[in-house]
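The residues making up each chain are set out below.
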Amino acid sequence: HPGYGFLSENAEFAELCQASGITFIGPSPHAITLMGSKIKARDLAKEVGVPVVPGTEGGATDVKEALAFAKKTGYPVMIKASAGGGGRGLRVVRTDTELRENMEVASREAQASFGDGSVFIEKYIERPHHIEFQILGDRHGNIIHLGERDCSIQRRHQKLIEIAPSLILTPKLRAEMGEAAITIARAVKYDNAGTVEFLLDQEGRFYFIEMNPRIQVEHTVTEQITAIDIVRNQISIAAGKPLDIQQ
């Protein structure tokens, strides 16, 4: 079990375990690779009909392309590292000047943190709720979600407080977002534990932003409200057993 740090979403490490005859307790290297790239994950979400925040198609290769997108969408926009996480390689900009200044900075930061300097531009949603759905999938095609955590209270894009269940979701919205989370997981034949993250705007529209193909440090919040041991389920799934929980 690789824990819940960056090693747990390192596809090369998962492949090395596989090649050495060691069972990696986590998703497949294929799922880690696909969902580890925010650009590929966005494209997949669009393919299966899950809404995403408007953004550049693929990576933003130069400043001209980024400026054209910002003009079309309107400021503020966000520069995001494709391979990023934890707020690194991420900049919110509100003018052409800020966009020019920060493109290279974000790319350098992403290269230093993740070994991948590719970035993309996304419309910045003002004052959103950040909602993440905990999912579990086995190797027999069963995928469920264990409800959501509202992690909107953040500092420097790092989550500080998790509220579960969310105080803002209606039963209808919870059902729709949970189904969207499962749809994305199913599209990559996901197995083991993972988290699908959404932004919810002031009008109640939700957008897929990324999937974390690993267990997260905050999984214990979901364990508290469901009495389901997620790590125990991870081990059971990796041993090839079907989920014994239904939606």
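Residues numbered from 1 in each chain as written. Predicted model: local features only at pLDDT ≥ 70, side-chain atom pairs only at ≥ 80, totals over all residues. Heavy atoms only, no water.

> How do you make sense of the nonpolar core when you look at a structure like this?
The tendency in soluble globular proteins is for nonpolar side chains to be buried as a group. M35, M177, I184, V196, F198, F208 and M211 are the most contacted members of the largest nonpolar core, which totals 27 residues. Secondary structure elements with two or more residues in this core: α2 (29-36), α3 (38-47), β4 (129-137), α6 (171-187), β7 (192-200) and β8 (206-212). Looking at this core, the element that brings in the most residues is α6, giving seven residues. The residues contacting M211, other than those within four sequence positions of it, are M35, I135, I184, A185, Y190, T195 and V196. Of all hydrophobic cores here, the second largest spans 13 residues; its members include A60, F69, V77 and I121. (Core = buried A, V, L, I, M, F, W, Y, C linked by side-chain atoms within 4.5 Å. Buried < 20%, exposed > 50% of the residue type's maximum accessible area, 1.4 Å probe, protein only. Helix = DSSP H or I, 4+ residues; strand = E, 2+ residues; numbered from the N terminus. Contact = heavy atoms within 4.5 Å.)

> What should I look at first to understand the sheet that holds strand β6 (residues 158-163) in this one?
Where strands meet in a sheet, backbone hydrogen bonds hold them as pairs that are either parallel or antiparallel. Spatial strand order, β6-β5-β4-β7-β8: five strands in an open sheet with antiparallel pairing. Every other strand in the sheet has two partners, leaving β6 and β8 as the edge strands with one partner each. Strand after strand, the sheet turns through a mean of 35° between neighbouring axes, direction not considered. Across four bridges, strand β5 (residues 143-155) lies against β6 in antiparallel orientation. Note that in β6 the partner of I153 across the bridge is I161. (Pairing = 2+ DSSP bridges. Axes fitted to C-alpha atoms, helices over the stretch in contact; angles between N-to-C directions.)

> Looking at this model, I keep getting lost on the packing of helix α1 (residues 11-19) against α2. Mind explaining?
Helices that pack against each other are described as a pair by the angle of their axes relative to one another and the distance between those axes. At their nearest, the axes of α1 and α2 sit 9 Å apart, and the two run at 175° to each other. Considering their axes alone, α1 and α2 lie roughly antiparallel with respect to each other. Across from A11, A14, E15 and Q18 in α1, the residues of α2 making contact are P29, I32 and T33. (Parallel < 35°, antiparallel > 145°, perpendicular 65-115°, else oblique.)

> Just checking my understanding: could you explain the packing of aromatic side chains for this structure?
What characterises a pair of aromatic rings is the spacing of the ring centres plus the angle enclosed by the ring planes. Applying the stated criterion to the full structure yields five aromatic pairs. When the ring of F133 is compared with that of F198, the centres are 6.1 Å apart and the planes differ by 85°; the resulting orientation is edge-to-face. Here F133 is found in strand β4, whereas its partner F198 is found in strand β7, with 65 residues between them in sequence. The same class applies to F133 as to F198, namely buried. With a centroid separation of 5.6 Å and 90° between ring planes, the pair formed by F198 and F206 is classed as edge-to-face. Here F198 and F206 have matching classes, each one buried. What links up through ring pairs into an aromatic cluster is the set F133, F198, F206 and F208. (Phe/Tyr/Trp six-rings, centres within 6.5 Å; stacked < 30°, edge-to-face > 60°.)

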